[in-house]
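# What the coordinates show
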Amino acid sequence: MAKEKATYVYFFGNGAAEGSAKMRDILGGKGANLAEMSNLGIPVPPGFTISTEVCAAYYEHGNAYPTGLEAQVQSALKRLEKTMGKKLGDPDDPLLVSVRSGAPVSMPGMMDTILNLGLSDASVKGLAQKTGKPRFAWDAYRRFIQMYGDVVMGVPHDAFEAAIAGIKKKKKVSLDTDLDENDLRALVEEYKRIVRQHAKKDFPQDPQAQLWGAIDAVFGSWMNERAIKYRQLENITGIKGTAVNVQSMVFGNFGEDSGTGVCFSRDPSTGEKEFYGEYLMNAQGEDVVAGIRTPEKIAALAKRNPKVYKQLVAIKDRLENHFRDMQDMEFTIQQGELYLLQTRNAKRAGTAAVRCALDMVKEKLIDKNEAILRVSPGHLDQLLHPMIDVEARKNAKPLTKGINASPGAACGRIVFSAKDAEDWHARKEKIILVRKDTSPEDISGMHVSEGILTSTGGMTSHAAVVARGMGRPCVSGAKGATVVGKKVLIGNKTFKEGDWLTISGSTGEVFEGKLPLINPDLSKDEGVKTLLGWCDAVAKASVRGTLKGFEVWANADQPEDAKLAFEFGAQGVGLCRTEHMFFDKEKLIHFRAMIVADTADERKEALKKILPLQQKDFFGIFKAMEGRPVTIRLLDPPLHEFVPKTKEDIAELAAYLKVKPKALQPKIDRLHEANPMMGHRGCRLAITYPEIYDMQVEAIACAAVECIKNKIKVTPEIMIPIVVTARELKEIRPHVEAVLKRVFSEAKVSLKVKIGSMIEVPRAAVRSGHIAKYADFFSFGTNDLTQMTFAFSRDDIAGFLPAYLNKKILDVDPFNSIDIEGVGYLVQYAAREGRAINPNLQLGICGEHGGDALAIDFCYKTGLNYVSCSPYRVPLARLAAAQAVLKNSAAPAKAAKAAKADAKPGAKRGRKPKAN
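We now turn to the structure provided with this report. (Residues numbered from 1 in each chain as written. Predicted model: local features only at pLDDT ≥ 70, side-chain atom pairs only at ≥ 80, totals over all residues. Heavy atoms only, no water.)

## What about unusual backbone geometry?
- A positive phi is found at N116, a non-glycine position, where the angle reads about 70 degrees.
- Of note, N116 is situated in strand β7 (residues 113-117).
- In this structure N116 comes out as buried when scored by relative accessible area, which is 0%. (Helix = DSSP H or I, 4+ residues; strand = E, 2+ residues; numbered from the N terminus. Buried < 20%, exposed > 50% of the residue type's maximum accessible area, 1.4 Å probe, protein only.)

Below, the structure is given as structure tokens:
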């Protein structure tokens, strides 16, 4: 049977297309939606899409195209020429095309675009003759030379900008539209000279050479520095590459009856259901996106051309209803005729994401589950961004006001370039990137900036779109700001690099100096409360085999932390670190006395003074959590962390103990450890000094009794850290149970307290089946588990991690996102082996990974009961938990099913291992 010929090129136009929106992976987002709009009968300039599979092959075969591609492109081009009644590069009536990128995931401005392709010294004259608009023809040609020279031939963009600025200065005009035909003819000749000077060859006149040069450049831009950086920042992986869209040109720069614009079916900053956007008459698309001219609001088009405006409104409504999401559309008006060049699901600010999701449920466009999936944890994170303190704002006068392009407030030192931004950020400085306008090359600098200020551009400029996607506050189009070199003039004041500015992307205001910022209170946001209520319902109703529900707990060390966690919706405390309590000044002196004591009696005497203070802390946390589980980790760090180090501290302890400082020094020296991370810490302290854990357990029990007597519900859980063998837990658990029994018996109360183990050492994970015999729960401490699995120190990884990421040795920082292949494997293995021995074993995670969306998805699939994270990440984790349930609802309890297949001999359910 003959092998079926591969299809690489897909045509669209005239109300039909060979592709559809379902072919995003092959056609890219832009190509798929162009095809879909064509199928819907929406006016789209005809063209064809070269698939992402070609991009993959291009890189796989050393920048070579697959066999048959050229023939398919030529066939599609002939079809396009027939459809349009024009021929590419024809000297009398040329077909002109755009060549644009389009990946399956939106990457605004990161890859390359060429417009007006097909113009040459001959065809520009034909275009001028055919249209009767010679100025338009020469303007299109100079734009083409500039874009092609920059993107394809590597000519510096600034060289072209300097040339046009020189002509405008000579004529004493400020706008490109003020240049006449003769000016543009002269500019074309100057542009060609610039190309010869920099590229060492003439600008190509053959339209076929132009076309393939542009296709090469767009595929090549998939691996340009800014595109790679953007994919890293947005965690975009697993896609083949970009598609290339070749589309017949329509012209917004035909005259004052033509124009171009970008619009949104809803406000991308607030989510309000109002038609939002901007346009420019007598302009091409890059004029709007690049912020070269400050555009007009879309509402003004209703007066200027009511017919086109009405048609555009009808199309945006149709597209939003069809795609069931907020749309970001690009359009061109050519001599009064409307054309759609692109539609895509709009990037939006966090506020807009929540409001849009909730409103669309009310409008019955989507259901609650889809609304949950529409809002990303990153969107919620944006809602935690600071805003200017209300009281400070009352006394501050703004220097200028621009467009409130991306919400939130930021304060930082001024820098004027992406490179300077990265340099200042490397010095741990907070920065505001100030530019006339931004371009895709600025992506790295934008990422490290607290906020962005531009003097030109609008709501749909590059700065605005990218800032919203990144969650950075942005003020664009601040006309009162003029950027000159490394200075910005705002009003009558001049600011230089390193000076402080404060901006509000919510109001568009710019302030001198450092204004205090405050964090918003998500717990009072009714929209967020509604959305997270839906999330909690989904997570609570989830079923994985015999497991019911999936919860979000919080790490909280103090009563105020627990109160905040409760307000943010935490359903328990997954990690209460008791060592943080000891650093309190009131307790520290007693604890230090205990450390340097010579006998068990002396240690007990010192611990007696700490016990009521610890009890008070625990009572506060129990009270704040209103009966929800509170997992208290007994003392974990090595004792040397608590010893006095300065002369003043040593003298203070000596005075307290009534000894001379010299007498203390030998004891302090003995506590020194060469490698404390793996030293005398955690449960090892309970083996050598059992009275320490006895005191802590008594404080927990007494606090629980106090709660019960005050009719406060309480659910304490006790966690033993740094367990490496079941024999440690076998030794320690009876001590814990004995103290609990004694305190509860004396108080005449009954309370069940779970006793469990942290799994943070690889050996503990490997021997988890044995440890589970003595544990009611496991809590995975993935911070230490990552350190010990990789042999990476969190404190020192910065010295080599960038090289590992750049060379793709690692995909991500393993301390930011869980390493599923290594650390994740240990978690899965421990969960499987632990539950094989103890089917009711409770499983949770309490490392920093507990707030990461990818880790939460992994934890759900692995069968954990809960994740625990810092209080401020609880709202994000609640959303991510619900999304994990929805995304994996068709595959419950995979980890449990895999247990039998992957378990080693002897790892069968119900066996009773020898403790080790």
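## Remarks on the pairing of strand β21 (residues 481-484)
- Two strands pair when backbone bridges link them, and β21 and strand β22 (residues 487-490) are joined in this way by four bridges, in the antiparallel orientation. When the bridges of β22 are listed, T482 appears paired with L489.
- Remark: two residues form the turn of the hairpin made by β21 and β22, two consecutive strands paired antiparallel; G485 in that turn has positive phi of roughly 60 degrees. (Pairing = 2+ DSSP bridges.)

## As for the packing of helix α6 (residues 157-171) against helix α7 (residues 181-199)
- Contact geometry of α6 with α7 gives a least axis separation of 10 Å together with a crossing angle of 150 degrees. In terms of orientation, α6 and α7 fall into the roughly antiparallel class. Both α6 and α7 take part in a crossing whose hand is right-handed. Contact residues: A159, F160, A163, I164, I167 and K171 in α6; D183, L187, E190, Y191, I194, V195 and H198 in α7.
- Looking at the contact of α6 with α7, its residues break down into nine nonpolar, one polar and three charged. (Axes fitted to C-alpha atoms, helices over the stretch in contact; angles between N-to-C directions. Parallel < 35°, antiparallel > 145°, perpendicular 65-115°, else oblique. Left-handed = near helix turned anticlockwise from the far one by under 90°. Contact = heavy atoms within 4.5 Å. Nonpolar A, V, L, I, M, F, W, Y, C, P; charged D, E, K, R; others polar.)

## Points about the packing of helix α35 (residues 853-862) against helix α36 (residues 874-887)
- For the pair α35 and α36, interaxial distance at closest approach is 9 Å and the crossing angle is 45 degrees. As the angle between them shows, α35 and α36 are arranged oblique. Relative to α36, α35 is oriented so that their crossing is right-handed. Residue-level contacts link A853, I856, D857 and Y860 of α35 to A877, A880, A881, A884 and V885 of α36.
- Its residues assigned to classes, the contact of α35 with α36 comprises eight nonpolar, no polar and one charged.

## Observations concerning helix α5 (residues 134-151)
- The end-to-end C-alpha separation of α5 is 26 Å, in line with the 26 Å expected for 18 residues at 1.5 Å each.
- α5 sits mainly inside the fold: 14 of its 18 residues count as buried. (Expected span 1.5 Å × (residues − 1).)

## Side note on the sheet that holds strand β25 (residues 509-512)
- Read from one edge of the open sheet, eight strands run β15-β25-β24-β17-β18-β19-β20-β16, paired in mixed fashion. With one partner strand each, in any of the chains shown, β15 (400-401) and β16 (403-406) form the two edges of the open sheet.
- Strand direction decides the pairing type here: β16 and strand β20 (residues 474-476), joined by three bridges, are antiparallel. Bridge pairing links N404 to V475 in β20.

## Considering a positive patch on the surface
- Judged by side-chain charge, R727, K730, R763 and K773 come together as a positively charged surface patch.
- Residue placement: R763 occurs in helix α30 (residues 762-766).
- Since its relative accessible area comes to 36%, R763 is described here as partly exposed. (Patch = residues over 30% accessible without salt bridge, like charges linked within 9 Å, V, L, I, M, F, W, Y side chains within 5 Å. Areas by Shrake-Rupley, 256 points an atom, 1.4 Å probe, with all protein chains shown as cover. Salt bridge = Lys/Arg side-chain N within 4 Å of Asp/Glu carboxyl O. Lys, Arg positive; Asp, Glu negative; His and termini not counted. Charge placed at Lys NZ, Arg CZ, Asp CG, Glu CD.)

## Digging into the pattern of salt bridges
- By the definition in use, this model includes 49 salt bridges.
- Here D183 makes a salt bridge to K171, at a shortest N to O gap of 2.8 Å. With D183 in helix α7 and K171 in helix α6, this residue pair connects regions lying 12 residues apart in the sequence.
- Residue classification places K171 among the partly exposed residues on the basis of a relative accessible area of 34%.
- Members of the salt-bridge network, linked through shared partners, are D139, R142, R143, K168 and D176.

## Points about the sheet that holds strand β30 (residues 573-577)
- Taken in spatial order, the eight strands of this closed barrel run β29-β30-β31-β32-β33-β34-β35-β36, and their pairing is parallel. Ignoring which end each strand starts from, the neighbouring axes of this sheet average 25 degrees apart.
- Note: strand β33 (residues 754-759) against strand β34 (residues 777-780), three bridges, orientation parallel. Along β34, the bridge assignment pairs M758 with S779.
- Against the sheet, helix α34 (residues 823-837) makes contact with β33, β34 and β35 (842-845), and its axis sits at roughly 180 degrees relative to β34, the strand it touches most.

## Looking at the packing of aromatic side chains
- As enumerated under the stated definition, the model contains 24 aromatic pairs in all.
- Between F144 and F203 the ring centres are 5.4 Å apart and the planes differ by 85 degrees, which places this aromatic pair in the edge-to-face class. Taken together, the residues span a long stretch of sequence, with F144 in helix α5 and F203 in the loop between α7 and α8 (207-221) at a distance of 59 residues.
- Look at F144 and you get buried, because its relative accessible area is 0%.
- F203 gets classed as buried once you look at its relative accessible area, which sits at 4%.
- Residues Y148 and F203 carry aromatic rings whose centres are separated by 5.5 Å and whose planes lie at 75 degrees to one another, so their mutual orientation is edge-to-face. Of this pair, Y148 sits in helix α5 while F203 sits in the loop between α7 and α8, and the two are 55 residues apart along the sequence. The exposure classification of Y148 matches that of F203, with both residues buried.
- Through successive ring pairs, a cluster of aromatic residues spans Y58, Y59, Y65, W212 and F219.
- If you follow R231 out to its NZ or CZ, it ends over the ring of W222, 3.8 Å from the centre. (Phe/Tyr/Trp six-rings, centres within 6.5 Å; stacked < 30°, edge-to-face > 60°. Lys NZ or Arg CZ within 6 Å of the ring centre and 35° of its normal.)

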